[in-house]
Amino acid sequence: MVWTKLLRTNKIGLIGLAVILINILVALMAPWVATHDPLKINISKQFAPPSKEYLFGADEYGRDIFSRVIYGTRYSLYISVLSVLISCIFGVIFGAIAGYYGEWADEIIMRFMDAVMSLPGILLCIGIMAVLGPNLHNVVIALGFVYIPRFARIVRGSVLSLRQKEFVEASIAMGNSDLIILLRHILPNCTAPLIVTASTTLAYVILAEASLSFLGLGTPPPAPSWGNILSEARDFMLQNPWMAVFPGVAISLLVLGFNLFGDALRDLLDPRLR
Amino acid sequence: MRGLMSVTEPLLKVENLKKYFPSRKGLFARTPSPVRAVDGIDFEIYPGETFSLVGESGCGKSTTGRLILRLIEPTEGQIWFQGNDITALGRKAMRPFRKSMQIIFQDPYSSLDPRMTIKDIIGEGLKRYDNLKPQQRRDMILEMMSKVGLRSEHYNHYPHEFSGGQRQRIGIARAIILNPKLVVADEPLSALDVSIQAQVINLMQKLKHELHLSYLLITHDLSVVEHISNRIAVMYLGKIVELASRDQLFSQPSHPYTKALFSAIPIPKVGQRKQRIILKGDVPSPINPPSGCRFHPRCHYTQKICAELPPALKEIEMGHWAACHFPPHE
Amino acid sequence: MNDILLNLINLETVFQTRNGVAKAVNGVSFHIRKGEIVGVVGESGSGKSVTALSILRLVPAPGRVISGKILFHEEDLLQLPMAKMRQIRGDRISMIFQEPMTSLNPALIIEDQLIEALVTHRKISRSEARNRAIEMLRLVEISTPEKRIKDYPHHLSGGMRQRVMIAEALLLNPDLLLADEPTTALDVTIQAQILDVMYKLTQEMGTAVMLITHNLGLVAESAKRVEVMYAGKVVEEGPVADIFGNPSHPYTKGLLKSIPVPGQINGEGDQKLYEMKGIIPSLFKLPTGCTFHPRCPEMKSICNQEHPPLCTVSPGHQVLCWHHS
């Protein structure tokens with residue numbers, strides 16, 4: 001019933017959902033959708049323009065860009081969703097404790113968050129990757145960590161204002177414990193800003209992964225993450241602009257999909273709009 | 001501080017209750033002056049009575065309501081409920097008492113969780129206290145709904161689908177489902193339309209008789225107070241300035257502030273414009289209350305002693321107390 | 001003798017939302033004479049505030065005035081170009097609102113806000129404007145106005161802020177003051193002070209006042225005539241003594257009966273207040289015929305079929321009801 005409502009009232013959200021679902025499908029069905037092996041080198045086809053055989057053209061090693069972009073979907077989805085999940089879970093825990101209990105808990109937690117936020121995200125990631133070593137899971141950990149403060153702040157803000165609300169006082173007057181109040185009353189009322197933050201952060205993570213790959217600190221090549229494809233394309237912009245266009249478009253579409261669906265989901269979950 | 005019904009034991013007794021909030025001012029001052037929201041009040045509420053706490057903004061009445069329920073911690077003083085000292089009880093020890101003391105709020109819009117259905121809102125209290133089967137719980141909730149005048153088909157609806165008056169009824173149902181003995185009602189009518197106020201007042205009266213409740217009614221609306229109270233305390237700047245039964249207070253208000261308050265109420269009857277007692281100035285800040293009698297700077301009958309010595313509550317007649325050096329005034 | 005200052009003729013203001021069209025003001029007609037205090041009474045959804053906003057053409061989107069005339073000094077305000085309307089606002093017709101904190105700019109000192117109006121409309125020097133402002137603050141009984149004028153709004157109490165609002169509204173000596181629930185947010189004793197000041201000043205300056213409120217007590221004391229509004233219509237109007245002494249519309253009667261009046265309790269026992277059944281209808285789906293009929297204790301069969309006509313009870317006292325035709 002929630003989905004029929006989406007169908008009726010928020011067609012844009014439906015488009016977002018469709019984009020996300022297509023990406024998921026492509027990621028799962030990659031071996032069947034891709035036309036070539038994304039890692040297979042074929043120097044003779046170097047820089048081949050888009051054709052029936054190489055739908056998006058070929059890169060500097062003659063690898064089929066189309067297939068690389070298709071497989072790249074797996075990396076982008078996996079990394080972005082997992083990272084945001086980490087950021088969200090820890091951000092909610094820290095933000096809720098800081099906002100609900102206040103005083104020294106708030107001070108300690110938020111100063112720590114400030115410290116993390118004071119370092120530019122990329123630098124922080126570089127630092128973490130340098131310590132942990134560049135591989136896929138470390139990218140997830142690094143990106144997950146970097147975005148915790150953003151969630152913590154949003155949740156803390158919501159919790160601060162909700163804590164004053166009279167329905168929370170009513171719950172306390174019934175003798176409910178803090179945990180119950182947080183789980184039953186406070187956190188459910190934080191879902192709107194959380195969803196919005198999550199969808200924008202998903203977008204940032206995908207782009208951040210691309211930046212990291214640019215710097216050679218993301219998923220190590222020859223893994224066909226969109227970031228890697230883009231970073232490789234950079235050196236050959238003049239000869240073969242197609243190499244950059246397709247991963248760029250893929251990134252933009254997925255980011256757009258998350259944003260549109262995120263907005264629709266937030267509205268959907270608001271009982272006031274039912 | 002006994003009223004005319006001193007035969008039974010009080011349900012609630014409050015002694016020298018104080019609440020000071022730290023004020024933000026004076027970051028660099030040695031000891032910043034606190035906001036003396038409630039500054040030493042005493043009263044009792046008996047079973048089955050409506051006790052009203054009246055006053056204007058900043059007098060401390062809302063804070064008092066929350067102190068009694070331990071939603072805020074008192075700075076000083078004691079609170080007895082059903083004979084037990086609940087002033088400093090921990091969370092766990094408070095729980096059995098919480099069933100018996102509930103609260104209704106002023107704002108029907110922020111007092112209900114917008115993400116919960118009204119069956120969950122009303123039934124929330126049941127989850128903690130009774131091991132009821134789902135069917136029993138459902139029946140109790142429906143019974144409460146009908147008691148407060150809500151139709152059963154609204155069982156699964158959300159707060160935003162109701163009007164202000166209906167939401168207030170939901171709040172009342174939530175409060176009474178645990179069968180409390182004392183209900184603190186914090187300005188329950190101020191946010192409602194006039195015609196709806198009558199409905200809610202009648203409902204509160206009906207429930208009081210059916211369930212043998214006591215109310216601590218906190219309000220600034222004197223007409224309502226006269227209509228439903230048994231006893232009344234008038235507060236000003238954190239202190240009780242007059243305490244009496246309804247009839248005593250309305251026939252013979254003794255404290256100058258009470259008289260000014262009464263004369264300020266606009267009456268829906270046509271005549272010449274009332275000769276009002278217009279008070280000078282604004283309500284002073286509770287951070288730095290005036291010396292001696294707190295009301296003296298605005299009082300028309302001020303004398304020298306009023307600025308020097310705070311007047312104690314004196315019994316003018318049986319059950320009627322006023323904190324003034326020169327009561328009553330004609 | 002034409003001393004009619006403001007004449008509303010069949011005013012209709014609606015709000016177009018995706019849930020439908022809400023008829024906030026549904027054919028409202030009444031007039032205000034020079035120097036007269038008219039009370040406009042009603043509960044939420046009655047349309048009283050929207051009526052005032054419509055007069056100044058300040059109805060926020062998605063609201064629009066769709067029909068009717070607003071004659072001010074015989075000129076239809078709805079037909080005026082915006083530039084002329086802006087000249088009238090603040091100068092010939094001014095308005096004060098319920099919440100003085102949000103009506104005053106928290107970032108500006110009082111002086112700047114008061115002077116702004118004067119300098120815009122009167123083209124006088126700042127120092128002259130300041131003097132007039134200080135004088136006005138003195139008239140609204142603010143002590144040491146020369147010092148107060150340099151304060152920010154948050155330095156002042158609610159009552160003082162409302163006095164500043166009154167000062168600002170009357171600074172240019174307007175012909176008409178629209179006062180929308182001016183004292184609802186204030187304590188009772190402060191309310192008394194404010195009304196006193198407002199009443200004295202407007203009498204002295206000859207300003208007409210449209211006093212919008214849900215508090216019948218205020219109206220009984222200050223107003224000369226009353227318009228009772230319900231769900232977008234004026235259901236009864238007349239001199240204040242007639243409305244309170246001989247209320248004719250079932251809504252007016254019910255309203256007066258359901259207010260607890262101080263000094264009327266006799267003896268023991270709690271008395272039940274008169275309860276009007278039902279609730280105010282949704283403005284998106286108004287009842288057929290007379291909008292009050294679902295709640296009316298005197299409803300007849302014609303009431304839910306046809307709109308009631310305007311009937312005269314006595315000179316100047318009219319009611320929108322089938323029982324009086």
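Quick note: structure is the one above.
The following refers to the structure shown. (Residues numbered from 1 in each chain as written. Chains lettered and ligands numbered in written order. Predicted model: local features only at pLDDT ≥ 70, side-chain atom pairs only at ≥ 80, totals over all residues.)

**Brief notes about the overall build of chain C**
Put simply, the rule reads: The secondary structure listing takes helices from DSSP runs of H or I that are at least 4 residues long and strands from runs of E that are at least 2 residues long, numbered from the N terminus. Here the globule rule is a power law, 2.2 Å times the number of residues to the power 0.38, and the radius of gyration is based on C-alpha atoms. Labels follow a simple rule on C-beta atoms placed from the backbone: if 20 or more others lie within 10 Å of a residue's own, it is buried; if 12 or fewer, it is exposed; otherwise it is partly exposed.
Secondary structure assignment for chain C yields 11 helices and 12 strands. Taken over the C-alpha trace, chain C has a radius of gyration of 21 Å; the compact-globule value for 325 residues is 20 Å, and the two agree within 12%. Once the C-alpha set of chain C is aligned to its principal axes, its extents read approximately 65 × 55 × 45 Å. Taken across its 325 residues, chain C has 46% of its residues classed as buried.

**Describing the overall build of chain B**
Note the following rule: It is the C-beta atoms, placed from the backbone, that decide contacts: two residues are in contact if theirs lie within 7 Å.
From N to C terminus, chain B includes 10 helices and 12 strands. Here the C-alpha radius of gyration of chain B, 21 Å, is about what a compact globule of 330 residues would show, namely 20 Å. Taking all 330 residues of chain B together, the buried fraction comes to 48%. Intrachain contacts of chain B at a sequence separation of at least 6 include 67% that bridge at least 24 residues.

**A word on the interface of chain C and chain B**
How big an interface is tends to be expressed through the accessible area that disappears when the partners come together. Formally: Asp, Glu, Lys and Arg are counted as charged, while Ala, Val, Leu, Ile, Met, Phe, Trp, Tyr, Cys and Pro are counted as nonpolar; the rest, among them Gly, fall into the polar class.
In this assembly, 39 residues from chain C lie in contact with 34 residues from chain B. Elements with a contribution of two residues or more to the side of chain C that touches chain B: helix H7 (158–170), helix H8 (188–205), helix H9 (216–222), helix H10 (240–245) and helix H11 (250–258) of chain C. Top contributing element to the side of chain C that touches chain B by residue count: H8(C), with 6 residues. Of the residues belonging to the side of chain C that touches chain B, the class tally is 20 nonpolar, 12 polar and 7 charged.

**Remarks on the sheet that holds strand E1 (residues 4–17) of chain C**
Residue and element names in this part refer to chain C. Formally: In this description, strands pair whenever DSSP reports at least two bridges between them. Fitting a line to C-alpha atoms yields each axis, with helices limited to the stretch in contact; the angle taken between N-to-C directions then spans 0 to 180 degrees.
An order of E2-E1-E4-E5 is seen for the 4 strands of this open sheet, with the pairing classed as antiparallel. Every interior strand has two partners, whereas the edge strands, strand E2 (20–33) and strand E5 (75–76), have only one. Alignment of E1 against E2, held across 11 bridges, turns out to be antiparallel. Bridge pairing in E2 places threonine 17 opposite glycine 20. Across the sheet, helix H1 (residues 48–55) lies against E1, E2 and strand E4 (63–72), angled at about 70 degrees from E2, the strand it touches most.

**Details of the interface of chain B and chain A**
Each side of the interface is counted separately: chain B has 21 residues, and chain A has 17 residues. Of all elements in the fold, only helix H2 (91–98), strand E6 (101–104) and helix H3 (118–129) of chain B reach the threshold of two or more residues within the side of chain B that touches chain A. When its residues are assigned to classes, the side of chain B that touches chain A shows 8 nonpolar, 5 polar and 8 charged.

**Some points on the pairing of strand E2 (residues 35–45) of chain B**
All names here are of chain B. Of all the 11 residues making up E2, 9 are buried; the element is thus mostly covered by neighbouring parts of the structure. With 8 bridges joining them, strand E1 (residues 12–21) and E2 adopt antiparallel strand pairing. When the sheet's bridge partners are listed, lysine 18 is paired in E2 with aspartate 39.

**Looking at the packing of helix H9 (residues 256–264) of chain B against H8(C)**
Note the cut-off: Here roughly perpendicular refers to angles of 65 to 115 degrees, roughly parallel to angles under 35, roughly antiparallel to angles over 145, and oblique to all remaining angles. Crossing handedness: left-handed means the near helix sits turned counterclockwise from the far one by under a right angle, and right-handed means the same turn made clockwise.
Relative to each other, H9(B) and H8(C) sit at 55 degrees, their axes nearing to 8 Å. If you check the angle between H9(B) and H8(C), you find them oblique. Here H9(B) and H8(C) pass one another in a crossing that is left-handed. In this structure, H9(B) uses B:Ala260, B:Leu261 and B:Ala264 to contact H8(C), whose residues at the interface are C:Val188, C:Thr189, C:Gln191 and C:Ala192.

**Topic: helix H6 (residues 121–132) of chain A**
Applied cut-off: A helix is expected to span 1.5 Å for every residue after the first.
Here H6(A) contains 12 residues, and its C-alpha end-to-end distance of 16 Å stays within 8% of the 16 Å for a straight helix at 1.5 Å per residue. Backbone geometry just after H6(A) places A:Gly133 at a positive phi near 95 degrees.

**Some points on the nonpolar core**
Stated formally: By convention the nonpolar core is taken to be a set of buried residues drawn from Ala, Val, Leu, Ile, Met, Phe, Trp, Tyr and Cys and joined through C-beta atoms within 7 Å.
Ranked by size, the top nonpolar core spans 252 residues in total, and within it A:Leu143, B:Leu216, B:Val234, C:Ala133, C:Met210 and C:Leu211 carry the most contacts. It is helix H4 (residues 65–101) of chain A that contributes the most residues to this core, 15 residues altogether.

**Things to note about the sheet that holds E2(B)**
Residue and element names in this part refer to chain B. With antiparallel pairing, the 4 strands of this open sheet are ordered in space as E2-E1-E4-E5. Where the open sheet ends on each side, the last strands, each with one partner, are E2 and strand E5 (84–85). Packing against the sheet, helix H1 (residues 61–68) makes contact with E1, E2 and strand E4 (76–81), and its axis sits at approximately 115 degrees to E1.

**Some words on the environment of A:Gly16**
Residues and elements named next belong to chain A. Looking at the secondary structure, you find glycine 16 in helix H2 (residues 11–28). Residue glycine 16 is classed as buried on the basis of its 23 C-beta neighbours within 10 Å. Spatially, the C-alpha atom of glycine 16 lies 34 Å from that of alanine 98, the residues being 82 residues apart in sequence. Not counting residues within four places of it along the chain, the set of residues in contact with glycine 16 comprises Gly257, Asn259, Leu260, Phe261 and Ala264.

**Focus: the pairing of strand E12 (residues 317–320) of chain C**
Residues and elements named next belong to chain C. What you see with E12 is no split at all: His317 and Val319 on one side and Gln318 and Leu320 on the other are buried throughout. Summarising the sheet, strand E10 (residues 233–239) and E12 pair through 2 bridges and their orientation is antiparallel. For glutamate 236, the partnering residue across the bridge sits in E12 and is valine 319. Note: strand E11 (residues 310–314) against E12, 4 bridges, orientation antiparallel. Across the sheet, residue leucine 310 finds its bridge partner in E12, namely leucine 320. Linking two consecutive strands that pair antiparallel, namely E11 and E12, is a turn of 2 residues; a positive phi of about 85 degrees is found at glycine 316 within it.

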